[in-house]
Amino acid sequence: NVNLPLTMDLFQWGNIKFNYNFTCADLNIDGLEYHFILHNNYYECYINTINDNNLIIFRDTLLDRSGQDLTHFKREILRKWSVVKLFIYNDYQLIFKAKKHYPSFLKKVKKVDHLSNKLMTIDIETKVTNGKMEAICISIFDGKIKKSFFIDDFLTSEEMIIRAIKYLNKPKYNGFKVYAHNFSSFDAIFILSRLVKNAKLEIKNRDGVLIEIKCRFSRNVSITFRDSYLLLPSSLDSLAKNFIKENKNLFPYDFVNKTNLDYNGDVPNISYFNDISQDEYLSYKSSFNNNKWNLKKETIKYCESDVILLYRVIRKFATRIFNLYHVDVLKYPTLPSLAFAIYRSNFLNEIWNISNLDGEIYKFISRSYSGGHVDLYYHQNNDNEKVYRYDVNSLYPYSMMNCSMPTGYPIQFEGNILDNEIYDIVANTFNLNERYGFFESNIETHKDLFIPIILKKIKIDKVGYRTIAPLGKWTDVYHSEELNNALKYGYKYTTNKGYLFNKGYIFKDYVNSLYELKKSSNSGEPNYIISKLLLNSLYGRFGMNPYYLKSELLSNTELDNYIYLNDNIHIYDKLELSDNLNLISYYKEDCNDKYDKSNNVNVAIASSITAFSRIHMSYFKQMDGYKVFYSDTDSIDLNKPLPDEFVGKELGLLKLEHVWEKAIYISNKAYIGIDKEGKIYRKLRGIKVNSKEFKNNPIEIEDFEKLLYKDSELLVNQERWFKSFRNSNIETKEIIYKLQ
C-alpha cells in the first residue's frame, strides 16, 4: 500500500534532503522514511517505518538514453537483492509490469530396495438375462490360494458378492492391493454398492474413472481395489501371451447367456465362442472325455484361470520394473503415476527447477493445453490418386526429447512483451534466455487459409467443449513457439499478458533410455511393451489438475448441506448408489490447504509437449506440392510418398502404414481405405468394428460412397452397455448409430 511517484525526479517527491556530495538523500512521507542511495543513472531506496522496520526496497533505473526524461525508467522491487517485481514507466504511464513467482520445485524420490508382495487378483463372470448382466461367479487368488464363489450356492447374486467381500476381511490380507482387469468399468459396477454396506471406503475417482477404492473393514484390516487395466492397458489375453507366454482359456460366453446354469452335456458349438479357429475348437473339444461339459465347473475353471494369469502378469511386470528402475509397481495405481515415479527416482535433476504450478498460473496456462489436431480436407481421392498414410514414430516422446521445456521461476507479465526494448529489459532483470512462455494473444489469419494449424476450444450448447481450427480473429492463450511457428504460414498475433520461463531439456535421458530399451527388444517382449507404455504415459501426468479430487459418501440431505456449507467446492462427478446414497467427487477451488493440493504437477510442460508435437505435424501439412486428405494427432494422409529424409525408424521420423487405392472420409475418425490387394481398413468412432454384429453386417465402400451425398445417412445396429452403480448391474441394449 505504498504509492510511489511515477518519476525519477526526486524533487517532485516532496521535501527531500541530500547529503553534502549528493550520494544519499532522505524523505519523510505519511510517517514513512525514504532513504536513497544515489548512483549515476539509478538509485536504491529503503522505505522504513519510524520504528525502523523495513517495508520495501526498490531500485529505479533511467531508461531514457539522453538522460533528460526522468519519467522513462524501470522500477524493480527487491527481496534479498533479487528482483521480484518490475515496472516500466514512460511519460508518467505504466507501460509494462512483471512479477516473479516462487513456487516449490519437483523433488527426487528415493528408489526402493524391495518389492511389495501384498498382491491379490479378482475376477467376475456374468450371465446376461433379459438384457441385464448378473454376476454368477467370483474368483480370488492371493498367489497361493484360489477361492471361488458360484451363484447356485447362494440365494442371490448379491449374497454371493457379499460372501466374497467378507472372505477378504482377514488380518492376513491387511494392506493388500486387489486387482481386477477393467475394474473401473466392469467389476466395480457389481461390487461398489455392496462394499458400502460392509466397509468404510476411501475412493479416488478422476474423470469418471475409479482409480482405487480403499476398504477399511476394521481397525486391523483394510484392502484396496484397483484396476490393472489402468496400469497395463491391453487385453488380458495379449498380456498373458507377451509377459508369460501363455494363452487365456477358451470359453463360450454366448452359450452361458442362452442356457441354464445347471447345464451338463455336450461341449457347446463353435458358434458360441468368440474369435476361435476350427483347429482351436477341435483341440478344446477333444480335452473333454466323452464330450461331457459342465457349465458350473468350466465357469469356475475359466474364472480361476483368469485371476491366476492376471496375478502372474502383474508379478512379472512389477519384477521387470523393479530390476530396471528400483520402483515398486504396487505403490502406483496408474501407468502415468508409475512413469512419473520412475522419472523422479531415476532421471530427474533437481537443478532444472521444474515448478509445481497451481492457482492462477495453472488456470491461465491450462487454456493453452489441448491435444492433437484431427481434421479432414478432402472427402475422397480421385481415380488417378493414391493415398499414402504415414504415422510418426513416437510423436510425443520425440517432442519431449528434442524440444525445450519450461523451467525455473515463472515470470508473470502484462504489456507488450513482443517489443524488443521491453523484452531486453525483462530478460536482463530476470535472467531469461529467450522470449519463451505462454501468451494470451490476439490472433488473425487469412480468410482463405486452407489448412489452419492453431486450435481453439469452444463451448457448444448441449454438446460441451469442442476443439476447432478457426479462421478470422480471436483471442486465447498459446505457447510462444506455436505462435512463432504460425507466423510462417500467414498468421499474425499481438500479446499483452502471459508467463515467461527459462528453457531446459529435461527428458533426454528418460526418453533415450526407454527408446534404447525398445530398440534392443523384439516386438511383443516384456521390455518392448514396458518401454512403449512408459514412453507415452509420462507427459499427461504433468497436466493433471493440481487440486486433489476427493470423494465422499453422502445421503441426499448431507449432500445438500455439504454444498450449502462449502461454497468453494466444485462437484466433479456424482454417482447414485441407492435412493438415498451418493458418491460425490469434488475438489476445493482456490484452496491454500496443502492437503488439498498436489505439489507435483506442471501444466506448462504438458502443454509444451503437445504444442511442439502440433508444430512437428504442421510442417508436413504445409509441404509444397503435396495434397493433404486427412490428418490425426500423429498421422497424415498424402497424395504421394514423402522424401526419404523424413522416413525411418527413429523418433520423429515417419513410417508408411498404408497405400490406399481408394479412401473415403466422412468426418473426423470416420473413414475407409482399400489397398491394391483389396484389404479394407476402417475407422469408425463409436462403432465396434470387431464386434460380431459388425462383422456379420460390415459397412462396405459402397456405403461410404453413398454417404458423400448431402442428407444421406446410414443406420448401424450396435450393442451398448448401460452401467448402473445404483442397481449394481449392466444392461445391454441394441441401439441405432447414425452415420451421415
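Look above for the structure.
Numbering of residues begins from 1 in every chain and follows the order in which that chain's sequence is written. With pLDDT at 70 or above as the cut-off, local features in this predicted model cover only qualifying residues; side-chain atom pairs require 80 or more to be listed or tallied, and sums for whole chains, interfaces and linings still use all residues. As a rule here, side-chain values come from all non-hydrogen atoms in the structure, and water together with hydrogens is ignored.

> Describe the overall build of the chain, listing the residues and the values that go with them.
Starting at the N terminus, helices and strands are each numbered in turn, a helix being any DSSP run of H or I of at least four residues and a strand any DSSP run of E of at least two. Helix and strand counts for the chain stand at 18 helices and 36 strands. Exposure is judged per residue with a 1.4 Å probe applied to protein chains only, and the accessible area is read against the type maximum: over 50% gives exposed, under 20% gives buried, and values in between give partly exposed. Within the span of the chain, comprising 740 residues, buried residues form 52% of the whole. For this analysis, residues touch if any pair of their heavy atoms sits within 4.5 Å. Restricting the contact set of the chain to residue pairs at least 6 apart, pairs at least 24 apart contribute 65%. If you sum the accessible surface of the chain, you get close to 36,300 Å²; carbon and sulfur atoms cover 46% of it. For this count, His and the chain ends are skipped, Lys and Arg are scored as positive, and Asp and Glu as negative. Just so you know, the charge point we use is NZ for Lys, CZ for Arg, CG for Asp and CD for Glu. With 99 positive and 91 negative side-chain charges, the chain shows a separation of 5 Å between the mean positions of the two kinds. To measure how exposed things are, a 1.4 Å probe is used in the Shrake-Rupley method; for residues, cover is taken only from the protein chains shown.

> Summarise the sheet that holds strand 31 (residues 654-660); cite the residues concerned and give the values.
We call two strands paired when DSSP finds no fewer than two bridges between them. In spatial order, the strands read 18-29-30-19-31; together these five strands make up an open sheet with antiparallel pairing. The open sheet has two free edges, formed respectively by strand 18 (375-376) and strand 31, since each of these has just one partner strand. Relative to strand 30 (residues 635-638), strand 19 (residues 387-392) runs antiparallel, the two sharing four bridges. Within strand 30, the residue paired with D391 across the bridge is S635. To get an axis, a line is fitted to the C-alpha atoms, and for a helix only the part in contact is used. The angle between two axes follows their N-to-C directions and goes from 0 to 180 degrees. Packing of helix 16 (residues 603-621) onto the sheet brings it into contact with strand 19, strand 29 (628-632), strand 30 and strand 31, and relative to strand 30 it is tilted by some 5 degrees.

> Explain the side chain of N393 to me, and be specific about the residues and the numbers.
Checked against the element boundaries, N393 lands in the loop between strand 19 and helix 9 (395-402). Note on N393: relative accessible area 9%, which makes it buried. Looking at N393, its side chain comes within polar contact range of the main-chain oxygen of E650, at 3.2 Å. Those residues in contact with N393 that sit more than four places away from it in its chain are G648, K649, E650, L651, G652, L653, L654 and K655. In the analysis that follows, any N or O atom pair within 3.5 Å is treated as a polar contact, provided that within protein one partner can donate a hydrogen and the other can accept it, and provided that, for residues neighboring in sequence, both atoms belong to side chains.

> Give me the lowdown on helix 1 (residues 157-168), citing residues and values where you can.
In a regular helix each residue adds 1.5 Å, so 12 residues correspond to 16 Å; helix 1 covers 17 Å between its end C-alpha atoms and thus fits that length. Among the residues of helix 1, S157, M160, I161, I162, A164, I165, Y167 and L168 are the ones counted as buried. For helix 1, the secondary structure elements touched by its buried residues are strand 9 (119-129), strand 10 (132-141), strand 11 (146-150), helix 2 (183-196), strand 14 (209-218) and strand 15 (221-227). Multiplying one less than the number of residues by 1.5 Å gives the expected span of a helix.

> Give me the sheet that holds strand 32 (residues 662-667): which residues, what numbers.
On the basis of which strands lie adjacent, the open sheet formed by three strands has the order 32-33-34 and antiparallel pairing. Only two strands of the sheet have a single partner each, and these edge strands are strand 32 and strand 34 (680-684). In this sheet, neighbouring strand axes are inclined to one another by 5 degrees on average, regardless of whether the strands run parallel or antiparallel. Here five bridges tie strand 32 to strand 33 (residues 670-674), and the two strands are oriented antiparallel to one another. In the sheet register, K662 faces strand 33, and the bridge partner there is I674.

> Residues and numbers for the pattern of salt bridges, please.
Any carboxyl oxygen of Asp or Glu that lies within 4 Å of a side-chain nitrogen of Lys or Arg is treated as forming a salt bridge with it. Per the stated rule, a full pass over the model turns up 30 salt bridges. The partner of R389 in a salt bridge is D637, and the shortest N-O contact between them spans 2.3 Å. Separated by 248 residues along the polypeptide, R389 in strand 19 and D637 in strand 30 bring together distant segments of the chain. R389 gets classed as buried once you look at its relative accessible area, which sits at 5%. Each of R367, E440, K456, D476 and K497 takes part in salt bridges that share partners, so that together they form one network.

> With reference to specific residues and values, describe helix 9.
In terms of residue burial, helix 9 counts as a mostly covered element, since six of its eight residues are buried. Of the positions making up helix 9, those classed as buried are L395, Y396, P397, S399, M400 and M401. In the core, the buried residues of helix 9 are packed alongside strand 19, strand 20 (405-415), helix 12 (508-519), helix 13 (526-535), helix 14 (539-542) and helix 16.

> Could you give me a rundown of unusual backbone geometry, with the residues and numbers involved?
Positive phi, normally seen in glycine, also occurs at D30, with a value near 50 degrees. Assignment of secondary structure puts D30 in the loop between strand 2 (24-29) and strand 3 (32-38). For W81, which is not glycine, the phi torsion reads 65 degrees and is therefore positive. By the element assignment, W81 lies in the loop between strand 6 (73-79) and strand 7 (82-90).

> Before we move on, can you summarise the pairing of strand 25 (residues 492-504) with the specific residues and values?
The sheet contact formed by strand 20 and strand 25 spans seven bridges and is antiparallel. Among the inter-strand pairings, Q412 is bridged to a residue of strand 25, identified as Y499.

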